[in-house]
Amino acid sequence: MRTALVIGTGLIGTSAALALTQRGVVVHLVDHDPEQARTAAALGAGTDGAPEGPVDLAIVAAPPAHVAAVLADAMRRGAARGYVDVASVKGGPRRELEALGLDLTSYLGSHPMSGREKSGPLAATGDLFEGRPWVLTPTRDTDTEVLNLALELVSHCRAVPVVMDADAHDRAVALVSHMPHLVSSMVAARLEHAEEAAVRLCGQGIRDVTRIAASDPRMWIDILSANPGPVADLLSDVAADLTETVEALRSLQSSDEAKRRDGTAGVEDLLRRGNAGQVRVPGKHGSAPRVYETVAVLIDDQPGQLARIFADAGQAGVNIEDVRIEHATGQQAGLVQLMVEPRAVPVLTAALRERGWALRQ
Ligand SMILES: NC(=O)c1ccc[n+]([C@@H]2O[C@H](COP(=O)([O-])OP(=O)(O)OC[C@H]3O[C@@H](n4cnc5c(N)ncnc54)[C@H](O)[C@@H]3O)[C@@H](O)[C@H]2O)c1
Ligand SMILES: O=C(O)C(=O)C[C@]1(C(=O)O)C=C[C@@H](O)C=C1
């Protein structure tokens, strides 16, 4: 691929454009808000000048409700040899395009399974998709050339291609993205009118559970409107778990010992099923889950501290697999949790202690 056109230069469009530009592709950027395209260009994602002729691949990264119309317009203009979209739902846009009577051989629906709770080009990064699944939904009619162009896009973004049927994709993301998003919003909504004394105690647990609740509601209304059935089915299963858990907790309040035992069994059942589901979440780079141990280091909230820890770990020959930072409220300090292979723990702790770092359990 030599040339690409990104239509919709928000978080996802600009992130893909940055990755393509970094790999030498000439990227043209357009957005219905020209300011967004200008910002993306200023970030080094490409040029906001129009291409002189058809590009190799057009990438539509507009909100899901606009995807079919934007694609139809680009196809009618003959803007590219191949067309992909990156919308979070796949069945709806395809059916809308079919209803418009377009020749869909040059179109391939796709969805990178990576994003952020922030919108717009300023939140974009060229490495957003690295190691993440990127779903492609070709049909029997999809041109091989277009499939190859889409695979090249995924490869330039260093993502992992996963081929799926569009409706199977929508059922899968209802489970791993759309229903969890609503549950996150429900937990976060409990905080809206909560007492300040409680909210200031927020630790890492609630941050993990509520991060995605900060996302743009307009985008999520679009996503959920295009996949309401599967999400409602899953949420009603969650509601059944909720009802059972409330009953189990009420039993735990009872003075009757047998009832309390039932309550414990009910809560334990949910927690154990949670453990069993959680270990199925794939680890880094979409590979099979791996068990890491945590080494916790207390740092001053000053520039350069993290870089120093990484350098010290590197000198000790230890690979940091993942990292989390917890900032202590009202203090100029933070707790850095370094996730490493279990066998690296003694080496890392010894090396960090030797270099004067304060380790915590
Ligand atoms: N945010 C995520 O985590 C995520 C992850 C994967 C896929 N997606 C999908 O990627 C697409 C873009 O999402 P985003 O998070 O980048 O949103 P965003 O709000 O950051 O960017 C969307 C951009 O599209 C532009 N736009 C709106 N209507 C348009 C139109 N008719 N023509 C041209 N441009 C138009 C907007 O001005 C905006 O700049 C959506 O379809 C979304 O479902 C999002
Ligand atoms: O991590 C985030 O902030 C996301 O928004 C990511 C996420 C997800 O649920 O995994 C959200 C929606 C997209 O369609 C794909 C990815």
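Residues numbered from 1 in each chain as written. Chains lettered and ligands numbered in written order. Predicted model: local features only at pLDDT ≥ 70, side-chain atom pairs only at ≥ 80, totals over all residues. Heavy atoms only, no water.

1. Topic: the site of ligand 2
The local shell around ligand 2 consists of S88, H111, P112, M113, S114, G115, R116, E117, S177, R211, I212 and W220. For ligand 2, whose accessible area on its own is 370 Å², the fraction buried by protein is 82%. When the residues that make up the shell around ligand 2 are grouped by side-chain class, the tally is 4 nonpolar, 5 polar and 3 charged. Counting only domains with at least three residues in the shell around ligand 2, you end up with domain 1 (3-164) and domain 2 (171-278). (Near = heavy atom within 4 Å. Areas by Shrake-Rupley, 256 points an atom, 1.4 Å probe, with all protein chains shown as cover. Nonpolar A, V, L, I, M, F, W, Y, C, P; charged D, E, K, R; others polar. Domains from an automatic or database assignment.)

2. Quick look at the side chain of H28
Counting through the fold element by element, H28 comes out in strand β2 (residues 26-30). A polar side-chain atom of H28 sits 2.8 Å from the main-chain carbonyl oxygen of G49. In this structure H28 touches A4, L5, V6, T47, G49, A50, P51 and V55, once residues within four positions along its chain are discounted. (Helix = DSSP H or I, 4+ residues; strand = E, 2+ residues; numbered from the N terminus. Polar contact = N/O pair within 3.5 Å; in protein donor to acceptor, adjacent residues only side chain to side chain. Contact = heavy atoms within 4.5 Å.)

3. A short note on the UniProt feature "domain: Prephenate/arogenate dehydrogenase" (unreviewed entry) in the protein chain
Mapped onto this numbering, the UniProt entry annotates "domain: Prephenate/arogenate dehydrogenase" (unreviewed entry) at residues 2-283. Within residues 2-283, the helical portion is 52% and the strand portion 13%, while the C-alpha atoms at the span's ends are 33 Å from each other. (UniProt positions renumbered as here; feature names shortened; annotations may be inferred.)

4. Describing the pairing of strand β8 (residues 293-300)
Here β8 runs beside strand β10 (residues 333-340); their pairing, made up of 8 bridges, is antiparallel. By the bridge assignment for β10, L298 is matched with L335. Direction of pairing for β8 relative to strand β11 (residues 358-360): antiparallel, over a ladder of 3 bridges. Considered in β11, the bridge of V297 is made with L359. (Pairing = 2+ DSSP bridges.)

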